[in-house]
Amino acid sequence: MIKVCKFGGTSMADGITMLRVRKIVESDASRRYVVVSAPGKRFSGDVKVTDLLYETYDNIARRGETGASFEKICERFRGIVSELGLPMDIDGLLEETGKEMLAERSAAFCASRGEYLSGRIMAELLSVPFIDARDVVKFGADGRLNGPKTYSLLAAALKGKRRAVVAGFYGSDEAGKVVTFSRGGSDISGAIVARAAGAGLYENWTDVSGFLACDPRIVDDPVQINTISYKELRELSYMGANVLHSESIFPVREADIPIRIRNTFRPEDEGTEIVPTSRYTYSGKRVTGIAGKKDFTVIFLEKSLMNAEIGFTYKVLEVFLKHNVSFEHIPTGIDTMSFVIDGSELGGALDDICEEIREAVHPDSLRVIREIALIAVVGHGMARSVGTSARLFEAIARAGVNVRMIDQGSSEINIIVGVDNDCYERTIKAVYEEFFA
Ligand code: ASP
C-alpha cells in the first residue's frame, strides 16, 4: 500500500520539527510521497512564512522592492538549513527566489515560494527527488483544478520514484503562471497527490491528534472523534471545524481513499480516520460532532399561499444572483421561507436586496434577523435513532436558549439550529453535555 503524507506548517516550522518529519517518513516504507506546507508558526505570536510572502508581494507592488519581510523569510530558511546541517546553497536559492518574485510580480507566485523552498529543503533532507507543483498541478481557465490533466501529469512524475517530495498549495494555469489554492490549500494538494499515486491512505500530519467532537475553546477537553465519514466531515468543516481544508475531501473521495489525521508531535496517537461514506460503520453514537459559526443574517419572508405560487423562490434567487450573494440555507414552511446568509457575503447590499425582493414577490411581510449563529449537529447515527431532535431541543430549552431557526438537511445526518449570537457558546455546551457527557 502507498501512503501519501502531508505535513502542515507547524510540522515544517523549524529544523527540529523537520527532523521529526524525517523520522516519521522513514519509519514506514509505505510512506512514499510527502507533500509539504510552508513553515508555519513556531510559537504563538510568530508569523507564518506565507503571511510574510504576501507582505513581500505588497512591498513589490507598492515600492518595487522585496523589503524587510523578505529579509525575515531569508533568515528563517537560512536558520532551518543550518540547523539541519544540509550542504545546499540556500543563499543562492534565496537570491534567485527574490529576483523571480520581482520579475513575476504576482501575489500567487510570491505566496507559493514558501512551499517551494520548504519542499526543496525537505527533499534534500530525505535525499529524494523534488517535484515542483508548477509542472504537475494544473488549473483551467476558470481558475479551478484541471483534475484529469493534473492526475496524469502527477502520476507520470511519481512513476518509478521510490519516494518524492511535492510542494503543496500551488500549481499553474495553462500559460504556466503560478496559481494557488485558497489558504490552507496544501491539504488539497496532499489529496491530489494521494489520488494520482493510487494511494491506500492519505495521512495528514498536523499539530493536533485529530478532530474533536466540538470546539475546545468552548467545551473543556471534548472527546476525540475516532472515525468520521467524508459526509460528516464536510458538514463539520464547512461549519468551522478547521483541522482540514474543507475542499480537500473531494479528490480522495472520488477514489475511495481514506484520510487519517495524525499529530507530528504525538506520532503514537491514532488520530482520526475519515472514511468513505460507503465504508462507514455505525459506532452506536447518535452524534459524531458539533460545529458552528456566528454572524449570519436571515431574511424571513411570509406570504399567504406562497406554496401555490409558481416561481416564487426563483424570483427571490434572481435577486441574490444579481448581487452575487450566495446563501447557506433556505428553511421553508407552508407560507414562509427564510434565506440564511453569511453576514460577510452581504457587504452593504442588504437594503437593496430586501427592496428588490419586495418588488419581485410582494411578500406579506419581510423581516431581517441579524447576528444569528448556526450550530450544526452532525452524525449518521441521527438517521437511525428515534428522538435525537427531541433530546437536542430539550437540551437547548433547558439552557434557556430560544431557537430562532431549524433546518434538517435532507441527508438526515445534520440538524442545523439558529440561535442569537450571544447564545452560541451556551448552546454548544448544552448540546455537548446532552450527547457526549
Ligand atoms: N502555506 C499556505 C497557507 O498558509 C498553505 C498551507 O499551509 O496549507 O495558507
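Every chain begins its residue count from 1, and numbering advances along the sequence as written. The model is predicted, so local features are restricted to residues of pLDDT at least 70 and side-chain atom pairs to those at 80 or more, both for listing and for counting; the totals for chains, interfaces and linings are taken over all residues. Only hydrogens and water are set aside; all other atoms, that is, all heavy atoms of the structure, feed into the side-chain values.

Any chance you could explain the overall build of the chain here in plain terms?
Each helix is a run of DSSP H or I of at least 4 residues and each strand a run of E of at least 2, with the numbering of both proceeding from the N terminus. Per the secondary structure count, the chain includes 16 helices and 15 strands. Restricting the calculation to C-alpha atoms gives the radius of gyration, and the globule rule supplies 2.2 Å times the number of residues raised to the power 0.38. Over its C-alpha trace the chain gives a radius of gyration of 24 Å, about what one expects of a compact globule, namely 22 Å for 437 residues. Principal-axis analysis of the C-alpha atoms places the extent of the chain at approximately 75 × 50 × 40 Å. By sequence separation, contacts in the chain at least 24 residues apart represent 74% of the contacts at least 6 residues apart. Roughly 19,400 Å² of accessible area belongs to the chain as shown, and the carbon and sulfur atoms make up 47% of that amount. By definition in these notes, contact holds between two residues if any of their heavy atoms fall within 4.5 Å. Only the protein chains shown count as cover for residues, with accessible areas throughout obtained via the Shrake-Rupley method and a probe of 1.4 Å.

Help me understand the packing of aromatic side chains in this model?
Each pair of aromatic rings taken from Phe, Tyr and Trp, with Trp reduced to its six-membered ring, is defined by centres within 6.5 Å and is described as stacked if the planes are under 30 degrees apart, edge-to-face if over 60, and tilted in the remaining cases. Counted by the stated rule, this structure contains 7 aromatic pairs. Judged by centre distance (5.6 Å) and plane angle (85°), the rings of Tyr 116 and Phe 130 are edge-to-face. Of this pair, Tyr 116 sits in helix α5 (residues 107–126) while Phe 130 sits in strand β3 (residues 130–131), and the two are 14 residues apart along the sequence. Between Tyr 432 and Phe 436, the ring centres sit 5.0 Å apart and the planes meet at 15°, which makes this aromatic pair stacked. Residue Tyr 432 and its partner Phe 436 are both found in helix α16 (residues 424–436); the two are separated by 4 residues, about one turn of the helix. Of the two residues, Tyr 432 and Phe 436, neither departs from the other in class, the shared state being buried. The rings of Phe 320, Phe 327 and Phe 339 are connected pair by pair, giving a single aromatic cluster. A cation over an aromatic ring shows up here: Arg 113 above the ring of Tyr 116, its NZ or CZ 4.4 Å from the ring centre. A ring has a charge above it when a Lys NZ or an Arg CZ is no more than 6 Å from the ring centre and no more than 35 degrees off the ring normal. Above the ring of Tyr 151, the side-chain terminus of Arg 195 is found at 4.4 Å from the ring centroid. Classification of residues uses two cut-offs on accessible area relative to the type maximum, computed with a 1.4 Å probe and protein chains only: under 20% is buried, over 50% is exposed, and between them is partly exposed.

Would you mind going over the nonpolar core with me for this structure?
One broad trend across soluble globular proteins is that nonpolar side chains are buried collectively. Val 4, Phe 7, Ile 121, Met 122, Ile 274 and Ile 290 are the most contacted members of the largest nonpolar core, which has 118 residues in total. Every residue in contact with Val 4, bar those within four places of it in the chain, is listed here: Tyr 33, Val 35, Gly 190, Val 193, Ala 194, Ala 197, Ala 199, Leu 201, Tyr 202 and Glu 203. Definition used in this section: a nonpolar core is a set of buried Ala, Val, Leu, Ile, Met, Phe, Trp, Tyr and Cys residues joined via side-chain atoms within 4.5 Å. Residues Ile 299, Val 316, Val 325 and Ile 353 belong to the second largest nonpolar core, which totals 19 residues.

What's the story with the sheet that holds strand β4 (residues 164–167) in this structure? I'm lost.
As a general point, the strands of a sheet are linked pairwise by backbone hydrogen bonds and lie either parallel or antiparallel. Read across the sheet, 8 strands follow the order β3-β4-β2-β1-β7-β9-β10-β8 without closing on themselves; strand pairing throughout is mixed. For this open sheet the edge positions go to β3 and β8 (227–229), each flanked by a neighbour on one side alone. Strand pairing follows a simple DSSP-based rule, namely that at least 2 bridges must link the two strands. Sheet topology places strand β9 (residues 259–263) next to strand β10 (residues 272–275); 3 bridges connect them, and they run antiparallel. The partner of Ile 261 across the bridge, within β10, is Thr 272.

Looking at this structure, I do not really get the site of the ligand. What am I missing?
Surveying the vicinity of the ligand reveals the residues Ser 37, Lys 48, Thr 50, Glu 115, Phe 169, Arg 183, Gly 184, Gly 185 and Ser 186. The side chain of Arg 183 places a nitrogen or oxygen atom 2.7 Å from an oxygen atom of the ligand. Separating an oxygen atom of the ligand from a backbone N or O atom of Gly 184 is a distance of 2.8 Å. A class-by-class count of the residues in the shell around the ligand yields 1 nonpolar, 5 polar and 3 charged. We call a residue near a molecule or strand as soon as one heavy atom of that residue lies within 4 Å of the molecule or strand. Two N or O atoms form a polar contact when they lie within 3.5 Å of each other; inside protein one atom must be a possible hydrogen donor and the other a possible acceptor, and for residues adjacent in sequence the pair counts only when both atoms belong to side chains. Throughout this entry, Asp, Glu, Lys and Arg are counted as charged residues, while Ala, Val, Leu, Ile, Met, Phe, Trp, Tyr, Cys and Pro are counted as nonpolar. The remaining residues, Gly among them, count as polar.

Can you help me understand the sheet that holds strand β14 (residues 405–408) in this one?
Spatially, the 5 strands line up as an open sheet ordered β12-β11-β13-β15-β14, and their pairing is antiparallel. Here the strands that pair on one side only, and so sit at the sheet edges, are β12 (336–342) and β14. Adjacent strand axes in the sheet meet at a mean angle of 35° when their direction is disregarded. As paired elements, β14 and strand β15 (residues 414–420) share 4 bridges and run antiparallel to each other. Bridge pairing in β15 links Met 405 to Gly 418. Where α16 meets the sheet, its contacts fall on β11 (289–302), β13 (365–378) and β15, and the angle it forms with β11 comes to roughly 125°. Simply put, an axis is a line fit to the C-alpha atoms, just over the touching stretch for a helix, and the angle between two N-to-C directions goes from 0 to 180 degrees.

I'm lost on the pattern of salt bridges in this one. Help?
Where charged atoms from two side chains of opposite charge come close, those side chains can pair. By definition here, a salt bridge exists when the distance from a side-chain nitrogen of Lys or Arg to a carboxyl oxygen of Asp or Glu is within 4 Å. Going through the model one piece at a time under the given rule, you end up with 24 salt bridges. Note that Glu 355 and Arg 358 form a salt bridge whose closest N and O atoms lie 3.4 Å from each other. With Glu 355 and Arg 358 both in helix α13 (residues 350–361) and 3 residues apart, this pair spans about one turn of that helix. Take Glu 355: its relative accessible area is 40%, and that puts it in the partly exposed class. On the basis of relative accessibility, which here comes to 37%, the residue Arg 358 falls in the partly exposed class.

Would you take a moment to explain helix α3 (residues 67–84) for this structure?
Helical periodicity: at 3.6 residues per turn, an α-helix aligns residues three or four positions apart in one direction. Between its first and last C-alpha atoms α3 spans 27 Å; for 18 residues at 1.5 Å apiece the expected length is 26 Å, and the two agree. Buried residues of α3: Gly 67, Ser 69, Phe 70, Ile 73, Cys 74, Arg 76, Phe 77, Ile 80, Val 81 and Leu 84, and no others. Viewed end-on, α3 has its buried residues packed into an arc of 160°, placing them on one side of the element. In this structure, α3 carries Ala 68, Glu 75 and Ser 82 as exposed residues pointing more than 90 degrees from its buried face. Packed against the buried residues of α3 are α1 (15–26), α2 (49–63), α4 (90–104) and α5. Directly beyond the C-terminal end of α3, a positive phi value near 65° is found at Gly 85. Given the number of residues in a helix, its expected span is that number minus one, multiplied by 1.5 Å. To obtain the arc, one takes the directions from the helix axis to the C-beta atoms.

I tried to follow the environment of Gly 289 on my own but got confused; where do I start?
With respect to the element layout, Gly 289 can be found in strand β11. In this structure the C-alpha to C-alpha distance between Gly 289 and Ala 376, which are 87 residues apart in sequence, comes to 8.3 Å. The residues contacting Gly 289, other than those within four sequence positions of it, are Ala 213, Ile 225, Leu 236, Ala 376, Val 377, Val 378 and Phe 436.

Hey, could you run me through the pairing of β9 in this one?
For a regular strand, side-chain orientation follows a simple rule: the groups alternate between the two sheet faces. The buried fraction of β9 is high, at 5 of 5 residues. Direction of pairing for strand β7 (residues 201–206) relative to β9: parallel, over a ladder of 5 bridges. Within the sheet, the bridge partner assigned to Thr 206 lies in β9 and is Asn 263.

Is there a simple way to explain α2 in this structure?
Taking 1.5 Å of rise per residue, 15 residues should cover 21 Å, and α2 covers 20 Å from first to last C-alpha, within 8% of that figure. Within the span of α2, buried status applies to Val 49, Thr 50, Leu 52, Leu 53, Thr 56, Asn 59 and Ile 60. Angular distribution of buried residues about the axis of α2 spans 160°; they occupy a single face of the element. Structurally, α2 contributes buried residues whose contacts are with α3, α4 and α5.

The values are spatial; any link to function lies outside them.
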